[in-house]
Amino acid sequence: MRSLLLLALLLVASPLQAAERLNVVASFSILGDFVRNVGGDRVDVTTLVGADSDVHVYTPAPSDAKRIADAKLVIVNGLGLEGWLPRLVQSSGARATVVTASAGIAPHKLGSGADPHAWQSVPNAKTYVTDIADALVAADPADAEFFRARAKAYLEKLETLDREVREAVARIPADRRKVISTHDAFGYFAAEYGIQFIAPLGVSTETEPSARDIAAIVGQIRGQKIPAVFLENISDDRLIRRIAAETGAKVGGTLISDGLTGEKGPAPTYIDMVRHNIKALTSALDH
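These numbers were taken from a predicted model, which means no experiment stands behind them. (Residues numbered from 1 in each chain as written. Predicted model: local features only at pLDDT ≥ 70, side-chain atom pairs only at ≥ 80, totals over all residues. Heavy atoms only, no water.)

Colleague: Could you give an account of the packing of helix H3 (residues 62-70) against helix H4 (residues 85-92), with specific residues and numbers?
Modeller: For the pair H3 and H4, the least separation of the axes is 8 Å and the interaxial angle reads 70°. Our classification of the angle between H3 and H4 gives roughly perpendicular. In terms of crossing hand, the pair formed by H3 and H4 is right-handed. Together, Asp-64, Ala-65, Ile-68 and Ala-69 of H3 and Leu-85, Leu-88, Val-89 and Ser-92 of H4 make up the contact between the two elements. (Axes fitted to C-alpha atoms, helices over the stretch in contact; angles between N-to-C directions. Helix = DSSP H or I, 4+ residues; strand = E, 2+ residues; numbered from the N terminus. Parallel < 35°, antiparallel > 145°, perpendicular 65-115°, else oblique. Left-handed = near helix turned anticlockwise from the far one by under 90°. Contact = heavy atoms within 4.5 Å.)

So this is what it looks like as structure tokens:
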């Protein structure tokens, strides 16, 4: 009898609990992680662009329109990152509040537009989290104290993370704080922490580098005394070994820039991502 009564209570309580959870859609995995850290069990978070996926080239699915139509909040990065999103929001007929999590951040330039990768600076990530917390509080004032407390705790973790990055960079000799990378996502990181990211000469990310390209990179590394190379478009180990052998530069591995990995990957959370990147950089640049 007691077990039947308990089951009845659970069945009655479940819809109520589900209704109390704030339905939030985040445009991609990093924002989803921020929302989960602030919202905890008071939010249901869906990310349109999931782990190990590229938000820049994402093609929305029909199911994404339904997710947005059902949401109370849609959290976006802004700064031109989600060019596909406004049309999706319009086509969904959503009444959700669209929140730009990068609001208040002074954008850097990338080509002719804004550099959208503002999260690569941990102080900027703190702005994202504050904006998200404000949006959750506005959408669900009854849980304001809960959201504020969780945001405060997470901001303290980000403060610790920022110190970790600065301390790690400080251990790298000043003349070694430079890498060659085809990534264009680390402008905010470079400006915040003082590691120079240098574009490789003669290399297009659309094609495998030719012998002339490799010669140009070798000359560039020697001429600028660059201690490490992060070249995501060189997939042939023989080319990587050749560059390393001819220049003495270390091949630094993979930097994670535009999204988180799955749970089994090296960066399932934002904090994991930053720690992975600074470990990769310091391992390659420190003696």
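Colleague: Now, about the pattern of salt bridges: what can you tell me, with residues and values included?
Modeller: For the coordinates displayed, the defined rule picks out 12 salt bridges. Among the salt bridges present, the one from Arg-275 reaches Glu-164, with a minimum N-O distance of 2.8 Å. Placement of Arg-275 in helix H10 (residues 270-285) and of Glu-164 in helix H6 (residues 144-170) is noted, with a sequence separation of 111 residues between them. The partner of Arg-166 in a salt bridge is Glu-192, with the nearest N and O atoms 2.7 Å apart. Separated by 26 residues along the polypeptide, Arg-166 in helix H6 and Glu-192 in helix H7 (residues 187-193) bring together distant segments of the chain. We classify Glu-192 as partly exposed; its relative accessible area is 28%. One salt-bridge network, in which partners are shared between bridges, spans Asp-41, Arg-42 and Asp-143. (Salt bridge = Lys/Arg side-chain N within 4 Å of Asp/Glu carboxyl O. Buried < 20%, exposed > 50% of the residue type's maximum accessible area, 1.4 Å probe, protein only.)

Colleague: Give a detailed account of the nonpolar core, specifying residues and quantitative values.
Modeller: The biggest cluster of nonpolar side chains holds 78 residues, and the ones touching the most others in it are Phe-34, Leu-136, Leu-158, Phe-189, Phe-197, Tyr-270 and Met-273. The greatest single-element share of this core, amounting to 10 residues, is contributed by helix H5 (residues 122-139). Residue contacts for Leu-136: discarding those within four places in its chain leaves Leu-22, Val-24, Val-38, Gly-39, Val-43, Leu-73 and Phe-147. Listed in part, the 11 residues of the second largest apolar core include Ile-180, Val-218, Ile-221 and Leu-239. (Core = buried A, V, L, I, M, F, W, Y, C linked by side-chain atoms within 4.5 Å.)

Colleague: Describe the packing of helix H2 (residues 29-39) against H6, with residues and values.
Modeller: Two elements in contact, H2 and H6, have axes whose closest approach is 7 Å; the angle formed by their N-to-C orientations is 120°. Considering their axes alone, H2 and H6 lie oblique with respect to each other. Across the interface between the two elements, Asp-33, Phe-34, Arg-36, Asn-37, Val-38 and Gly-39 of H2 pack against Phe-146, Phe-147, Arg-150, Ala-151 and Tyr-154 of H6. Tallied by class, the residues present in the contact of H2 with H6 amount to 6 nonpolar, 2 polar and 3 charged. (Nonpolar A, V, L, I, M, F, W, Y, C, P; charged D, E, K, R; others polar.)

Colleague: For unusual backbone geometry, give the residues involved together with the corresponding values.
Modeller: With a phi angle near 60°, Leu-79 is a residue other than glycine that sits in the positive phi range. Tracing the chain through its elements places Leu-79 in the loop between strand S3 (73-76) and H4. Phi is positive for Lys-225, which is not a glycine, with a value near 50°. With respect to the helices and strands, the residue Lys-225 is situated in the loop between helix H8 (211-224) and strand S9 (228-230). Residue Lys-225 is classed as exposed on the basis of its relative accessible area of 66%.

Colleague: Can you break down the sheet that holds S9 residue by residue, with the values?
Modeller: Judged by pairing direction, the sheet is parallel, and its 4 strands sit side by side in the order S8-S7-S9-S10 without closing on themselves. If you trace the sheet from one side to the other, it starts and ends with strand S8 (196-198) and strand S10 (250-251), each paired once. The strands touched by H8 are strand S7 (178-181), S8 and S9; relative to S7, the strand with the most contacts, the crossing angle is about 170°. The strands touched by H10 are S7, S8, S9 and S10; relative to S9, the strand with the most contacts, the crossing angle is about 145°. (Pairing = 2+ DSSP bridges.)

Colleague: If you had to explain the side chain of Asn-124 to someone new, which residues and values would you point to?
Modeller: Structurally, Asn-124 is set in helix H5. Relative accessible area serves as the criterion here: at 14%, Asn-124 is assigned to the buried category. If sequence neighbours within four positions are ignored, Asn-124 has contacts with Ile-105, Ala-118 and Tyr-188.

Colleague: How would you summarise H2 if you had to cite specific residues and measurements?
Modeller: In terms of residue burial, H2 counts as a mostly covered element, since 9 of its 11 residues are buried. Along H2, the residues that are buried comprise Ser-29, Ile-30, Leu-31, Gly-32, Asp-33, Phe-34, Val-35, Val-38 and Gly-39. Summarising the contacts, the buried residues of H2 are in contact with strand S1 (22-28), strand S2 (43-49), S3, H5, H6 and H10. Where H2 terminates, the next one or two residues include Gly-40, which has phi positive at roughly 55°.

Colleague: Requested: an account of the pairing of strand S4 (residues 97-100), with residues and values cited.
Modeller: Here S3 runs beside S4; their pairing, made up of 4 bridges, is parallel. Note that in S4 the partner of Val-74 across the bridge is Val-98. As a crossover connection, the stretch from S3 through H4 into S4 is right-handed. (Right-handed = clockwise from strand over helix to strand, strands pointing away.)

Colleague: An account of the environment of Ala-267 is requested, with residue identities and associated values reported.
Modeller: Examined against the element boundaries, Ala-267 turns out to sit in the loop between S10 and H10. Owing to a relative accessible area of 0%, Ala-267 belongs among the buried residues under this scheme. Between the alpha carbons of Ala-267 and Asn-277 there is a distance of 9.3 Å; along the sequence they are 10 residues apart. Residue contacts for Ala-267: discarding those within four places in its chain leaves Ile-256, Leu-260, Thr-261, Asp-272 and Met-273.

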